[in-house]
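Geometric and topological summary
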Amino acid sequence: MILFLAARPVTAPPVRPARPVRPSPRRPRLRLRFRPLAPYRRIFAVPGTRSFTAANLLARLPMGMLSVSAVLMIAGSRGSYALAGAVTATGLAATALVGPWTARMVDRHGQARIAVPATALAVLGSLSLLLCVRHGAPDWTLFASYAATATTPNTGGMSRARWAHLFRDDPAARHTANSFEQAADELCFMLGPVLATLLCTVLFPEAGTAVAAALLLTGVLLFAAQRRTEPPVAPAPATGRPRSPLRLPELPPLLVTFLATGAVFGSLEVVTIAFADGHGIRTAAGGLLALQAAGSCAAGLLYGLLRPRGRAGHRFLGCTAAMAALMLLPLLAAATGSLAALAVALLLAGMATAPTMVTGMGLVQSLTPPGQLNEGMTLAVTALLGGIAAGSASGGWAVDHLGGAGAAYGVPAAAAALAPAVTLLTARRRPNRPAAPVS
């Protein structure tokens, strides 16, 4: 029986036909890869970039706090805005003289070796100013103390130098990084005065200076500790002392445009404060200036998303022309006497300054020889500070002698018009040579 069962053939069960698969009524999903922030994600994907950027932002925030804190502290204790203004002007002049020398030392010996002791000396100057004001020291000690803060290194320039080293073969990435740095500058100069005013008025008059000094020292120490992204020190030239970037024929005309741009910033600040004061709402001046900085910050971030096309000189001419056109808006809005119209005009006018600064800094980087990036960019910042000082004085004079703040808005408009004029006149004489390599 068992043999009979084993001999029977095994038949497979009948195969049923498969049911046809009906297509799903749902439409397939379309996955669109829309990544508007991809350029910024790409630059921050490099190891170490987030760390040095965060530290640099901490060190850069006091740049918008120190002068405001000094004015509030000195005026509050001595009762003289004239003295406070003279002290801060002295510090600005000292920075213009010492800043390029400090940047040259950074290029020769490295960021960490020079930035830390230079910052420590500047912090001691701020603390000396605080103690002199607190204990009623003679006025000359205030000038000497604040002049000692001139050794503060150009933290923004050092950060830009790191980006230039990391992306020395990628112009598009450098453009994005420069745009981010300019937006960071605008953000710090927008938040710094607000924080300084809050500390000096809510806590005590010296709080702004003390906090700014602590943030500066902490930020620079953390920034200097990020050694893997630090640019290497360029070898000394065989001919001895390197030539100053000021001897390059293309750089001085470019610095004149930075001088004009600084005059726009300085005059716009003074005239806007006077306009708000004339309408009996001086407290609104900070908000109006914050709108201008916010417009510049947003434009800087958006400009970094664009891929630069054409020659940098042509782009710079277009940016300065746009700045000159948009700076007419506050003049027209002030003529109406409407504070709301002026707020919108300042927001729009600020949207041209960041692209101008980004493109201008890119030109400075391309013109400056290898190993002198910090010095070249500090010269641009020095020109900017000089323009701010001249613009502040010109704006104040115009408010007093041109019949009020409404007509005084012609000063920033005239300063903005000077930038494309200088660029256009010098563009024909600029040789069409390749950009200098960035080491």
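Values in this document were obtained by computation on a predicted structure and should not be read as measured data.

**So, the overall build of the protein**
Looking only at helices and strands, one finds 19 helices and zero strands in the protein. The burial tally for the protein puts 47% of its 439 residues in the buried class. When contacts within the protein are restricted to residue pairs at least 6 apart in sequence, long-range pairs at least 24 apart make up 83% of them. For the protein, the accessible surface area stands at approximately 22,000 Å², while carbon and sulfur atoms represent 67% of it.

**A word on the pattern of salt bridges**
Applying the stated rule across the entire model yields three salt bridges. With a shortest N-O distance of 2.4 Å, Arg60 and Glu181 are connected by a salt bridge. Of this pair, Arg60 sits in helix 3 (residues 49-60) while Glu181 sits in helix 9 (residues 171-203), placing them 121 residues apart in sequence. An identical accessibility class is assigned to Arg60 and Glu181; each is buried. In this structure, Glu206 engages Arg134 in a salt bridge whose closest nitrogen and oxygen atoms are separated by 3.2 Å. Placement of Glu206 in the loop between helix 9 and helix 10 (207-224) and of Arg134 in helix 6 (residues 111-134) is noted, with a sequence separation of 72 residues between them. You can call Arg134 exposed: its relative accessible area is 54%.

**Here we look at empty space enclosed by the protein**
Per the stated rule, a full pass over the model turns up three cavities of 30 Å³ or more. Estimates place the volume of the second largest cavity at around 40 Å³. Together, Thr102, Ala103, Val106, Pro153, Asn154, Met158, Asn374 and Thr378 line the second largest cavity. At the level of secondary structure, the elements contributing two or more residues to the lining of the second largest cavity comprise helix 5 (81-109) and helix 17 (373-401).

**A word on the side chain of Thr176**
Mapping Thr176 onto the fold places it in helix 9. Relative accessible area serves as the criterion here: at 5%, Thr176 is assigned to the buried category. Residue contacts for Thr176: discarding those within four places in its chain leaves Pro39, Tyr40, Ile43 and Gly304.

**Topic: the packing of helix 3 against helix 9**
Where helix 3 meets helix 9, the closest approach of the two axes is 10 Å, and the angle between their N-to-C directions is 35°. Where helix 3 crosses over helix 9, the two elements pack in a sense that is right-handed. Contacts between helix 3 and helix 9 pair Thr53, Leu57 and Arg60 from the former with Phe180, Glu181, Ala184, Asp185 and Cys188 from the latter. Classifying every residue of the contact of helix 3 with helix 9 by side-chain character gives four nonpolar, one polar and three charged.

**Here's the deal with the environment of Ala321**
With respect to the element layout, Ala321 can be found in helix 13 (residues 312-326). With 97 residues separating them in the primary sequence, Ala321 and Leu418 have C-alpha atoms 9.5 Å apart.

**A short note on helix 8 (residues 155-166)**
Taking 1.5 Å per residue as the helical rise, helix 8 with its 12 residues ought to reach 16 Å, and the 17 Å between its terminal C-alpha atoms agrees with that figure. In terms of residue burial, helix 8 counts as a mostly covered element, since 11 of its 12 residues are buried. Those residues of helix 8 that sit buried are Thr155, Gly156, Gly157, Met158, Ser159, Arg160, Ala161, Arg162, Trp163, Ala164 and His165.

**Points about the packing of aromatic side chains**
According to the stated counting rule, one finds five aromatic pairs in the structure shown. Residues Phe44 and Phe180 carry aromatic rings whose centres are separated by 5.1 Å and whose planes lie at 80° to one another, so their mutual orientation is edge-to-face. Of this pair, Phe44 sits in helix 2 (residues 38-44) while Phe180 sits in helix 9, placing them 136 residues apart in sequence. This pair shows no difference in class: Phe44 is buried, exactly as Phe180 is.

**Digging into the packing of helix 6 against helix 7 (residues 139-147)**
Across the interface, helix 6 lies against helix 7 with an axial gap of 7 Å and an inter-helix angle of 160°. When the axis of helix 6 is compared with that of helix 7, the two are roughly antiparallel. Here helix 6 and helix 7 pass one another in a crossing that is left-handed. Across from Gly125, Ser128, Leu129, Cys132 and Val133 in helix 6, the residues of helix 7 making contact are Thr141, Leu142, Ser145 and Tyr146. Of the residues belonging to the contact of helix 6 with helix 7, the class tally is five nonpolar, four polar and no charged.

**Some remarks on the environment of Val68**
Turning to its location among the elements, Val68 is positioned in helix 4 (residues 66-78). The partly exposed category is assigned to Val68, whose relative accessible area is 24%. Beyond its immediate chain neighbours, meaning those up to four positions away, Val68 contacts Pro193, Ala196 and Thr197.

**A look at helix 10**
Under the 1.5 Å per step criterion, the end-to-end length of helix 10 is 26 Å for 18 residues, consistent within 8% with the ideal 26 Å. The set of residues buried in helix 10 consists of Ala207, Gly208, Thr209, Ala212, Ala213, Leu215, Leu216, Gly219, Val220, Phe223 and Ala224. Along its buried surface, helix 10 packs onto helix 3, helix 4, helix 6, helix 8 and helix 9.

**Remarks on the confidence of the model for the protein**
Scored by pLDDT, the protein has a mean of 75; 79% of the residues are at 70 or more. Contacts from residues 1-12, a stretch scored under 50 in pLDDT, to residues over four places away or in other chains number zero contacts. Low pLDDT, under 50, characterises residues 431-439; the predicted model gives this stretch 16 contacts beyond four residues in sequence or across chains.

Rules and cut-offs
- Residues numbered from 1 in each chain as written.
- Predicted model: local features only at pLDDT ≥ 70, side-chain atom pairs only at ≥ 80, totals over all residues.
- Heavy atoms only, no water.
- Helix = DSSP H or I, 4+ residues; strand = E, 2+ residues; numbered from the N terminus.
- Buried < 20%, exposed > 50% of the residue type's maximum accessible area, 1.4 Å probe, protein only.
- Contact = heavy atoms within 4.5 Å.
- Areas by Shrake-Rupley, 256 points an atom, 1.4 Å probe, with all protein chains shown as cover.
- Salt bridge = Lys/Arg side-chain N within 4 Å of Asp/Glu carboxyl O.
- 1 Å grid on protein atoms, 1.4 Å probe; cavity = no way out; pocket = protein on both sides within 12 Å on 5 of 7 lines; lining within 4 Å.
- Points joined across faces, edges and corners; volume = space filled by probe spheres on them.
- Axes fitted to C-alpha atoms, helices over the stretch in contact; angles between N-to-C directions.
- Left-handed = near helix turned anticlockwise from the far one by under 90°.
- Nonpolar A, V, L, I, M, F, W, Y, C, P; charged D, E, K, R; others polar.
- Expected span 1.5 Å × (residues − 1).
- Phe/Tyr/Trp six-rings, centres within 6.5 Å; stacked < 30°, edge-to-face > 60°.
- Parallel < 35°, antiparallel > 145°, perpendicular 65-115°, else oblique.
- pLDDT = per-residue confidence, 0-100.

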